[in-house]
2 protein chains.
Amino acid sequence: MKKYMMQILQEAASKSGPLCVGLDTDPSYIPDYIVNSIASSTEAVKLYNQCIIKGVAAENLACCVKVQIAYYEAAGVEGMKVYRDTLKMARESSLITIADIKRGDIGATSQAYARAHYTGDFEADIVTLNPYMGRDAIEPFMKYNKCGKGAFVLLCTSNGGAADIEKQTLKTGESVFCLSGSIIENINKEFARKGDKCGALGAVVGATQCDAAQYLRQKYPNTLFLIPGFGAQGGDLAVIKTLLSCAGGVVNSSRAILCAWMKDNSLKNKRESKTLCLDDIAQSAIRAARAAKDTLLNL
Amino acid sequence: MKKYMMQILQEAASKSGPLCVGLDTDPSYIPDYIVNSIASSTEAVKLYNQCIIKGVAAENLACCVKVQIAYYEAAGVEGMKVYRDTLKMARESSLITIADIKRGDIGATSQAYARAHYTGDFEADIVTLNPYMGRDAIEPFMKYNKCGKGAFVLLCTSNGGAADIEKQTLKTGESVFCLSGSIIENINKEFARKGDKCGALGAVVGATQCDAAQYLRQKYPNTLFLIPGFGAQGGDLAVIKTLLSCAGGVVNSSRAILCAWMKDNSLKNKRESKTLCLDDIAQSAIRAARAAKDTLLNL
């Protein structure tokens, strides 16, 4: 019996640590003189991603990478080629890939999205999904569950705006995000198989949600969490420790890794003289990933 | 003072009628022998879209077209080229373009999405947005408001799954979708200018939401609605009439137009003998759009 992707990821996290390296690679995260020395800004992003993927895979620094599609869409068709190539490079380096797409639509459209992101050019192992439109929006992705594909559904996100809808109170006394939790739980009950160590669907819970972390971890003990907000967004380490208990999860860091060169003391001179090369900033990113891995393993 | 896009669309709807032609063009909506006679299925989709756009523009059958990006993402990089080209053809035919993307993410990512869909290869006039993550997810798009770009935010969608989160009851007695409504209203208050005939942000309200239609139309009288669910999804004409009152809106029909050839009596013989050509099915789509326009104008 083939394992569900969430279990494969859970095992990868126990083996390599819970760090997820976020490749939300905006060209502005690379010094402009490096970008200018390369054929195009999309090519620069691709080369930067390639160096990071190679370094992370070589040292086993992360259990997965998360690619935020928005930054690639913003570069048009050329950006989408780099998105495709980045996913391919990561999968070829045996890293589990999370496509951070936050899609969700009526059934027929979600079917098209599932095809788009689980097969073909943009194939990833795992996607992120938005539950606003309900269970319809999620179900078409579950058809790929037995083919080793998985999904994280937004539960309680890391941004301030989580207060506007997600954290509002229902007449039952629960928060709106519990409705997303119910969709996840119900689907997980249906897909549960003997011996599974976590549900088939995971949930996104921000590292910034101090007040909700303990509650969510206890309410959904068998759900694997994707935890954004570590690093640049200022997520709390105690919160992350809480969220990593029970079924555990993976902790994403994007900008703190991609932009590590901007604050890296060992690069001070080169940074000031504007003589950094792509390998310098990639090595800085890899050092930041190494430090992030250690921080997470020592929680 | 440049008009906001929602007003331009409102005026276009008064002039040409409220029909929005949905180009959710899955290759399976085209007979396989026609697809096989063309270089690729993506090329077939592009040519079909082109015929429909030309016909709709020539006869002034619709005020806008809506392109559902999922169907293009599903065809990978080649699909994204057709997505780009479809938007370009529609804009060159002076049709207002709605990119049905339902994006929504943390601020920095929503900024990238706004850049992706308001500028460059994938430039559209209007996008659809998902409010689950709150106001943060919407605001970056408003920066383009003064450059003549607009957005519809999901309020109460046309699918069955709307019951799972959107239509649940809050402790205030209101439905969860009213939280999305509050985000829209608050932003619209901030952006309001003397003489505006509708808010800067529009809302998506499904034609299938019989019980909510009257309530939503009265609660948000100045908000332009994007109304999916007409045609293939079985939306109710009385509901559409209600939703089109006050600030009005645009009514989308996708599959009923794109797949009109499948039930078109005048094509029975050609359909049975499998001798349809691209122009046959495009003319059938255009006849269906003409009929849909008439239906909507006679409500």
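Here, residues in each chain are numbered from 1, in the same order as that chain's written sequence. Ligands are numbered from 1 and chains lettered from A, in the order in which they are written. Where local features are concerned, this predicted model is filtered to residues with pLDDT of at least 70; where side-chain atom pairs are given and counted, the filter is 80 or more; whole-chain, interface and lining totals use all residues. In computing side-chain values, all of the structure's heavy atoms are included and hydrogens and water are not.

Draft legend 1. Highlighting the overall build of chain A. Helix numbers and strand numbers start at the N terminus; a helix is a DSSP run of H or I with at least 4 residues, a strand a run of E with at least 2. For chain A, the helix and strand inventory stands at 13 helices and eight strands. Projected onto the principal axes, the alpha-carbon positions of chain A cover approximately 60 × 40 × 40 Å. It only takes one pair of heavy atoms within 4.5 Å for two residues to be counted as in contact. Nonlocal contacts in chain A, meaning residues at least 24 apart in sequence, comprise 74% of its contacts between residues at least 6 apart. Each accessible area is a Shrake-Rupley estimate made with a 1.4 Å probe; only the visible protein chains count as cover when residues are assessed. A total accessible area of about 10,800 Å² is found for chain A, and carbon and sulfur atoms account for 49% of it. Positive charges come from Lys and Arg, negative ones from Asp and Glu, while His and the chain ends are left out of the count. Taken as the charge centre is NZ of Lys, CZ of Arg, CG of Asp or CD of Glu, depending on the residue. For chain A, the distance from the average position of its 35 positive side-chain charges to the average position of its 30 negative side-chain charges is 5 Å.

Draft legend 2. Representation of the side chain of Gln68 of chain A in the model. Note on placement: Gln68 of chain A falls in strand S2 (residues 64-68). Gln68 of chain A gets classed as buried once you look at its relative accessible area, which sits at 1%. Nitrogen and oxygen atoms within 3.5 Å of one another constitute a polar contact, given that in protein one can donate a hydrogen and the other can accept it, and given that sequence-neighbouring residues count only through two side-chain atoms. A distance of 3.2 Å separates polar atoms of two side chains, one belonging to Gln68 of chain A and the other to Asp100 of chain A. Those residues in contact with Gln68 of chain A that lie beyond four places of it in its chain are Leu23, Asp24, Asp100 and Lys102 of chain A together with Asp105, Thr109 and Tyr113 of chain B. Between buried and exposed lies partly exposed: a residue is buried under 20% and exposed over 50% of the maximum accessible area for its type, with that area taken using a 1.4 Å probe on protein chains only.

Draft legend 3. Fine view of the relation of the copies chain A and chain B. Residues below a pLDDT of 70 in either copy are left out; the C-alpha atoms of the rest, at least 70 in both, set the least-squares superposition of the copies. Mapping chain A onto chain B leaves a residual RMSD of 0.0 Å; the transformation is a rotation of 180 degrees accompanied by 0.0 Å of translation along its axis. Taken together, these values place the two copies in the relation of a two-fold axis. Comparing contact sets, 100% of the residues at the interface of chain A also lie at the interface in chain B, consistent with an isologous, same-surface contact.

Draft legend 4. A look at the packing of aromatic side chains. We call Phe, Tyr and Trp rings a pair once their centres come within 6.5 Å, taking the six-membered ring for Trp, and we label the pair stacked below 30 degrees between planes, edge-to-face above 60, and tilted otherwise. In total, this model carries ten aromatic pairs over all chains according to the counting rule given. Each ring, one from Tyr29 of chain A and one from Tyr71 of chain A, has its centre 6.4 Å from the other, and the planes form 45 degrees; the classification is tilted. With Tyr29 of chain A in the loop between strand S1 (19-22) and helix H2 (32-36) and Tyr71 of chain A in helix H4 (residues 70-73), the pair connects residues that are 42 residues apart, well separated along the chain. A relative accessible area of 11% means that Tyr29 of chain A is categorised as buried. On the basis of an interplanar angle of 50 degrees and a centroid distance of 5.1 Å, the ring pair of Tyr118 of chain B and Tyr144 of chain B is categorised as tilted. Taken together, the residues span a long stretch of sequence, with Tyr118 of chain B in helix H6 (residues 107-118) and Tyr144 of chain B in the loop between helix H7 (135-142) and strand S5 (150-156) at a distance of 26 residues.

Draft legend 5. Examining the sheet that holds strand S4 (residues 126-129) of chain A more closely. Residue and element names in this part refer to chain A. By the convention used here, strands pair only if DSSP detects at least 2 bridges between them. Spatial ordering of the closed barrel is given by S1-S2-S3-S4-S5-S6-S7-S8, a layout of eight strands whose pairing is parallel. Taken over all neighbouring pairs, the strand axes of this sheet differ in orientation by 30 degrees on average, direction set aside. Note that strand S3 (residues 96-103) and S4 share three bridges and pair parallel. Following the sheet pairing, Ile98 is matched in S4 by Ile126. All axes here are fitted lines through C-alpha atoms, helices being fitted over the stretch that makes contact, and every angle between N-to-C directions spans 0 to 180 degrees.

Draft legend 6. Up close: unusual backbone geometry. The phi angle at Cys246 of chain A is positive, at roughly 55 degrees, despite the residue not being glycine. Within the secondary structure, Cys246 of chain A sits in the loop between helix H10 (237-243) and strand S8 (249-253).

Draft legend 7. Structural context of the confidence of the model for chain A. Looking at chain A, the pLDDT average stands at 96 and 99% of residues meet or exceed 70. Quick note on the complex model: pTM equals 0.97, ipTM equals 0.97. Per residue, pLDDT captures the predictor's confidence, and it can take any value from 0 to 100.

Draft legend 8. Structural view of the pairing of strand S2 (residues 64-68) of chain B. Residue and element names in this part refer to chain B. For S2, the buried fraction is high: five of the five residues fall into the buried class. A two-sided burial pattern is seen for S2, the buried positions comprising Cys64, Lys66 and Gln68 on one face and Val65 and Val67 on the other. Pairing analysis gives three bridges linking strand S1 (residues 19-22) to S2, with the strands arranged parallel. From the neighbouring strand, Val21 faces S2, where its bridge partner is Val65. Here S2 pairs with strand S3 (residues 96-103) via five bridges, running parallel. Residue pairing across strands places Val65 opposite Thr97, the latter belonging to S3.

Draft legend 9. Focus on the interface of chain A and chain B. Facing the 58 residues of chain A at the interface are 58 residues of chain B. Throughout, buried area stands for the accessible area (probe radius 1.4 Å) lost by two parts on being put together, summed over both. Both sides together, the interface formed by chain A and chain B hides about 4,600 Å², and carbon and sulfur atoms give 59% of it. By convention in these notes, a salt bridge is any Lys or Arg side-chain nitrogen within 4 Å of a carboxyl oxygen on Asp or Glu. In this structure, the connection of chain A to chain B is made through six salt bridges. Across the pair Lys102 of chain B and Asp105 of chain A runs a salt bridge, and its minimum N-O distance is 2.9 Å. Here chain A and chain B share 29 residue pairs in polar contact (both at pLDDT 80 or more) between them. Where the side of chain A that touches chain B is concerned, the elements lending two or more residues are H4, helix H5 (76-92), S3, helix H6 (107-118), helix H7 (135-142), strand S5 (150-156) and helix H8 (177-191) of chain A.

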